[in-house]
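Structural overview
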Amino acid sequence: MTKLTQPINSAVAEMAADKLLNFQLMIRDIPGILRLTFGEPGFDVDDKIKQATINAINHNRSHYAESQGETNLRQEVVTYFNEKYHLNFKNEDNVIVTQGVSEAVNVVFQTLLNVNDGLIIPEPAYGPYFASLDLARGTRISIDTTPNHFKLTPEMVDKAIAEATVPVKAILMNYPTNPTGVTYSREELEALAVTFKKHHLWVISDEIYSVLTYNKEHVSLAEIIPEQTIYINGLSKSHAMTGYRVGFILAQKEIIDEMQKVHGALVFALPTFVQDAALVALRDVTEAPVLMRDTYQNRRDNLLAQLQELGFEVVEPEGAFYLFAKLPADLGNDGDSFALELAQQGKVAVIPGSAFSHGEEPNPYIRISYAASDADLAEGMKRITNYIEKVRSSK
């Protein structure tokens, strides 16, 4: 092994490896494995979006774009989200077009947080948030929402701030939530907003799954508490454009101007032809997100019933495309061991619940993505059922 001439950035050296990616690597070479893991929409991009990309390339839209995002795209972003979620952003100056929500999160964290500033993260939560916080050198203040069916309450926030040993500057909200699929009513968000205002918190609201909300209105914190909210969204989930890497930050101009400094340093700008495709997605592609949402809801209902029949305890998801399932008592309380043995012996991959928290004790949950095709989901559940029946019969 080559010895490094100088030590690397301590923030990177001390970062824990991503548990989700680590698990994927552990099971990568298992022959014939079926994956119900990543949140990758099982749909193709709409033909209108594809054609817009082709047209842009054919018309030599391959030079540097505006760093903050092409003006016409940013204008469409404001129109789209204002109309869809009753927001009141003024114009394109309220928007940065980012390289997916992942870059958006890093831009926001690195703009807001000083070293050791506290960021509240309700858990379970999307694992890469923790890495982004480490890079920003902030301090994680975790709130375990498991006792309240994975929902945050004002009392939880008050308690976390009262017990914090560092200044608490912001809270990260993600809803509908990865990995649980829970979301919040207007009344619940209004109650939380009172607490956020009382503590003068920046509210970082990642609403990437907003379009995939079932049987209820999605309410944005950017409507309720706009002066403190930094709103994040994108096209990966709503339009199945994961590979295009298009995200958006919307906020008051004063903080957008500061975040643009970080965005410009990280990526400068998205490709122009990708931005042209994003414009068409927002303006012209309205049916595909509804079709995907309805398909996911049917899949949720089907899988939820099957998991409950097997003895799993599952809070019914109100959005997104994940089931966060607690192992039946007779299968133990270690989701890591269960997921690994399921992969090795049952030939189906799910994600251990430990990938979404920082707790050290055994985690009894697994996450199943129902973004996969109907055929893969049917086969996956068949394999899970067969594996569990074999385990139970051997006891």
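Cut-offs used in this document
- Residues numbered from 1 in each chain as written.
- Predicted model: local features only at pLDDT ≥ 70, side-chain atom pairs only at ≥ 80, totals over all residues.
- Heavy atoms only, no water.
- UniProt positions renumbered as here; feature names shortened; annotations may be inferred.
- Pairing = 2+ DSSP bridges.
- Helix = DSSP H or I, 4+ residues; strand = E, 2+ residues; numbered from the N terminus.
- Axes fitted to C-alpha atoms, helices over the stretch in contact; angles between N-to-C directions.
- Left-handed = near helix turned anticlockwise from the far one by under 90°.
- Contact = heavy atoms within 4.5 Å.
- Nonpolar A, V, L, I, M, F, W, Y, C, P; charged D, E, K, R; others polar.
- Salt bridge = Lys/Arg side-chain N within 4 Å of Asp/Glu carboxyl O.
- Buried < 20%, exposed > 50% of the residue type's maximum accessible area, 1.4 Å probe, protein only.

The protein appears in an unreviewed UniProt entry as Aminotransferase from Leuconostoc pseudomesenteroides. Its UniProt record gives the protein the following Cofactor (unreviewed entry) comment, quoted word for word: "pyridoxal 5'-phosphate". Under the UniProt heading Sequence similarities (unreviewed entry), the note attached to the protein is "Belongs to the class-I pyridoxal-phosphate-dependent aminotransferase family."

Moving on, we get to the sheet that holds strand β12 (residues 351-352). In sheet architecture, strand pairing relies on hydrogen bonds along the backbone and comes in two forms, parallel and antiparallel. The strand order across the open sheet built from four strands is β9-β10-β13-β12, with neighbouring strands paired in antiparallel fashion. Every interior strand has two partners, whereas the edge strands, β9 (313-314) and β12, have only one. Sheet topology places β12 next to strand β13 (residues 365-369); two bridges connect them, and they run antiparallel. Residue P352 lies in a different strand from β13, and its bridge partner there is I366.

Phi is mostly negative for residues that are not glycine, and the peptide bonds are mostly trans. Looking along the chain, the bond that leaves E123 and enters P124 is cis, with omega of 5 degrees. Along the chain, P124 falls in the loop between β3 (118-123) and α6 (128-135). Residues Y175 and P176 are joined by a peptide bond in cis, for which omega reads -15 degrees. Within the chain, H86 stands out as a residue other than glycine whose phi angle is a positive 60 degrees. With respect to the helices and strands, the residue H86 is situated in the loop between α4 (71-85) and β2 (95-99). A positive phi angle, close to 60 degrees, is found at A320, a residue other than glycine. The residue A320 is located in the loop between β9 and β10 (322-326) in this model.

Direction vectors running N to C along helix α5 (residues 100-112) and α6 enclose 35 degrees, while the axes themselves pass 9 Å from each other. In this structure, α5 crosses over α6, and the sense of that crossing is right-handed. Where α5 abuts α6, its residues V105, N106 and F109 lie against Y129, S132, L133 and L135. Residue classes in the contact of α5 with α6 are distributed as five nonpolar, two polar and no charged.

Quick look at the UniProt feature "domain: Aminotransferase class I/classII large" (unreviewed entry) in the protein now. In the UniProt entry, the feature "domain: Aminotransferase class I/classII large" (unreviewed entry) is given for residues 33-384. Each end of residues 33-384 is marked by a C-alpha atom, and these two atoms are 12 Å apart; helix forms 42% of the span and strand 16%.

If you walk through the whole model with that rule in mind, you get 24 salt bridges. Of the charged contacts in the structure, one is a salt bridge between E163 and K159, with a shortest N-O distance of 2.9 Å. Placement of both E163 and K159 in helix α7 (residues 154-163) is noted, with a separation of four residues, approximately one turn of the helix. What makes E163 exposed here is its relative accessible area of 53%. Across the salt bridge formed by E227 and K197, the nearest N and O atoms sit 3.8 Å from each other. Of this pair, E227 sits in the loop between α9 (221-224) and β7 (229-234) while K197 sits in helix α8 (residues 186-198), and the two are 30 residues apart along the sequence. Classification of E227 by relative accessible area gives partly exposed; the value is 43%. Bridged by salt links that share partners, the residues K151, E188, K216 and E318 form one connected network.

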